[in-house]
Amino acid sequence: MSDAVETPARVTESFGRRVIVETSAGSRTSAELFGKRLTCVCGDEVMIRGPSQSSGDVAKVVSVAPRRSLFARTDSRGRTEPLAANLSLVIVIIAPNPEPDLYIADRYLAGAALAGISGALIVNKSELPGAEDPDFQARVNDYERAGYPVLRLSAKNEPTVAPVRELLINQSAMLVGQSGVGKSTLTNRLAPESERATRTLSDSTGEGRHTTVSTALFRLASGGELIDSPGVRDYAPPPVEDAMVQVGWPEILKLAPECRFNNCLHLREPGCAVLAALAENTLSARRYESYKRLLNIMRGLAPEYERRR
Ligand SMILES: Nc1nc2c(ncn2[C@@H]2O[C@H](COP(=O)(O)OP(=O)(O)OP(=O)(O)O)[C@@H](O)[C@H]2O)c(=O)[nH]1
Ligand SMILES: [Zn+2]
């Protein structure tokens, strides 16, 4: 291949300056980023050159196409770190065990919405007795009431997984969630060739042990794409203005037009339809608390936001 020839490819895995790309012919190969200023993440559409004698024996990523979406997080130092590009769906997985932190789930769904990406919830390990717990079920139902697709399944039980295949058709979806909820088990079920490592839960704590170390994209025979990602202990979206935070709560956003003030943040304002729904118990108090928490987190990141502008 001549050096001047560029071919399109998709980034399926990223390790800093080195990436794995899939060519349009479907083969996967290692490539390096060309030039210091170029960065890319899993899901990026890129142009590659080589490998050829003059470019060395590894292909080079020479450009990144404009992204349809960029899913990102705020890292521990308050900086925005991109996680995946060109997603259409973020699927949060929870399970009765390890014990779910639904505030993380909410922030993931908010981060997706703020990036213009749809959200869905999977409740894995549904065969465990903990899934029958009324409190657990009530909290899961909150997501259905908010308007999210919610799938209850067992990644280990093939027939229960069929609705996920249907959900993923025509989607580029990323699986996110705490360590040990079964992201890799589900990925292996949906894309057997992915061969993602899975591990048993540590006996004493029931917490996962962060088996998955990289974010990787797989094409599904049934249609669509799935990105498996490492388990997290926390997640916060990149900083946004106060008024934007409610975009992450569809049930609050739906009520907002009925508030007396069109810049209502639903905290203490008179004539607030969100506070009224809360008083009438038609809005989940936990989800509302979660909204207030993210508002506070975003205010803590405000200096960072001002700096970026
Ligand atoms: N009982 C039960 N266990 C499951 C199910 N799905 C996965 N597991 C188990 O849960 C444990 C964790 O699964 P993983 O797939 O490694 O979890 P993960 O979310 O990928 O974890 P990280 O890679 O650390 O983020 C493994 O022991 C799986 O066998 C399920 O449907 N039911
Ligand atoms: Zn309001």
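Throughout this description, residue numbers start from 1 for each chain and increase along the sequence as written. Think of it this way: whatever chain is written first is A, whatever ligand is written first is 1, and the rest follow in order. Given that the model is predicted, a residue must reach a pLDDT of at least 70 before its local features are reported, and side-chain atom pairs must reach 80 or more before they are shown or counted; all residues, however, enter totals for whole chains, interfaces and linings. As a convention, hydrogens and water are excluded, and side-chain values are obtained from all of the structure's heavy atoms.

For the protein chain, the name recorded in an unreviewed UniProt entry is Small ribosomal subunit biogenesis GTPase RsgA, with Steroidobacter agaridevorans as its organism. UniProt positions are given in the numbering used here, feature names are shortened, and annotations may be inferred rather than shown by experiment. Check the Sequence similarities (unreviewed entry) section of the UniProt entry for the protein chain; it says "Belongs to the TRAFAC class YlqF/YawG GTPase family. RsgA subfamily." For the record of the protein chain, the UniProt heading Subcellular location (unreviewed entry) holds the text "Cytoplasm".

So, on to the UniProt feature "binding site: GTP" (unreviewed entry) in the protein chain. Following the UniProt record, the feature "binding site: GTP" (unreviewed entry) maps to G177, Q178, S179, G180, V181, G182, K183, S184 and T185 here. Helix and strand assignments follow DSSP, with helices taken as H or I runs no shorter than four residues and strands as E runs no shorter than two, numbered in order from the N terminus. Relative to the assigned elements, S184 resides in helix α4 (residues 183-190). The buried label applies to any residue whose accessible area, calculated with a 1.4 Å probe on protein chains only, is under 20% of its type's maximum; exposed applies above 50%, and partly exposed to all values in between. S184 sits in the buried class, given a relative accessible area of 5%. Examined against the element boundaries, T185 turns out to sit in helix α4.

Right, let's talk about the pattern of salt bridges for a bit. Throughout this description, the term salt bridge denotes a Lys or Arg side-chain nitrogen within 4 Å of a carboxyl oxygen of Asp or Glu. The tally for this structure, following the rule as stated, stands at 21 salt bridges. A salt bridge links E6 to R49, with the shortest nitrogen-to-oxygen separation between them at 2.8 Å. Taken as a pair, E6 in strand β1 (residues 6-15) and R49 in strand β4 (residues 45-49) lie far apart in primary sequence, 43 residues in all. Judged by relative accessible area, E6 falls into the partly exposed class, the value being 34%. In this structure, E45 engages R68 in a salt bridge whose closest nitrogen and oxygen atoms are separated by 3.1 Å.

Here the focus is the coordination of the zinc ion (ligand 2). Of the protein atoms, only C259 (SG), C264 (SG), H266 (ND1) and C272 (SG) coordinate the zinc ion (ligand 2), at distances of 2.1 to 2.3 Å. Note on donors: an N, O or S atom is included if it sits within 2.8 Å of the metal, or within 3.2 Å for Na, K and Ca, and water is never included, so sites can look incomplete. A four-donor site is classed as tetrahedral when every donor-metal-donor angle falls between 85 and 135 degrees; four donors are called square planar, and six octahedral, when trans pairs exceed 155 degrees and all remaining angles lie between 65 and 115, with any other arrangement labelled irregular. Considering all four donor atoms around the zinc ion (ligand 2), angles at the metal cover 102 to 116 degrees and the coordination shape is tetrahedral. Look at where the donors of the zinc ion (ligand 2) fall in the sequence and you get C-x4-C-x1-H-x5-C. In this structure, C264 and C272 share a single accessibility class: buried.

Before going further, it helps to examine the environment of Y288. Structurally, Y288 is set in helix α7 (residues 285-300). Distance in space between the C-alpha atoms of Y288 and L278 is 8.0 Å, their sequence separation being ten residues. Residue contacts follow a heavy-atom distance rule, with two residues in contact if any of their heavy atoms lie within 4.5 Å. Contacts of Y288, omitting those with residues within four sequence positions, involve I252, H266, L267, V274, L275, L278 and L283. Within the local environment of Y288, its side chain forms a polar contact with the backbone oxygen of H266, the two atoms lying 2.5 Å apart. Nitrogen and oxygen atoms within 3.5 Å of one another constitute a polar contact, given that in protein one can donate a hydrogen and the other can accept it, and given that sequence-neighbouring residues count only through two side-chain atoms.

With that out of the way, let us pick up the packing of aromatic side chains. What counts as a ring pair is set by centres within 6.5 Å for rings of Phe, Tyr and Trp (its six-membered ring), and what kind of pair is set by the plane angle: stacked under 30 degrees, edge-to-face over 60, tilted for all other angles. Going through the model one piece at a time under the given rule, you end up with six aromatic pairs. Ring geometry for Y143 and Y148: centres 6.3 Å apart, planes at 50 degrees, overall tilted. When the ring of W249 is compared with that of Y291, the centres are 5.8 Å apart and the planes differ by 70 degrees; the resulting orientation is edge-to-face. Of the two residues, W249 sits in the loop between β13 (225-228) and α5 (250-255) while Y291 sits in helix α7, which places them 42 residues apart along the sequence. Neither residue differs from the other here; W249 and Y291 are each classed as buried. Taken together, the ring pairs in this structure connect F71, Y108 and Y235 into an aromatic cluster. Across from the ring centre of Y103, 3.7 Å away, lies the NZ or CZ of R293, which sits over that ring. Whether a charge sits over a ring depends on NZ of Lys or CZ of Arg being within 6 Å of the ring centre and within 35 degrees of the ring normal.

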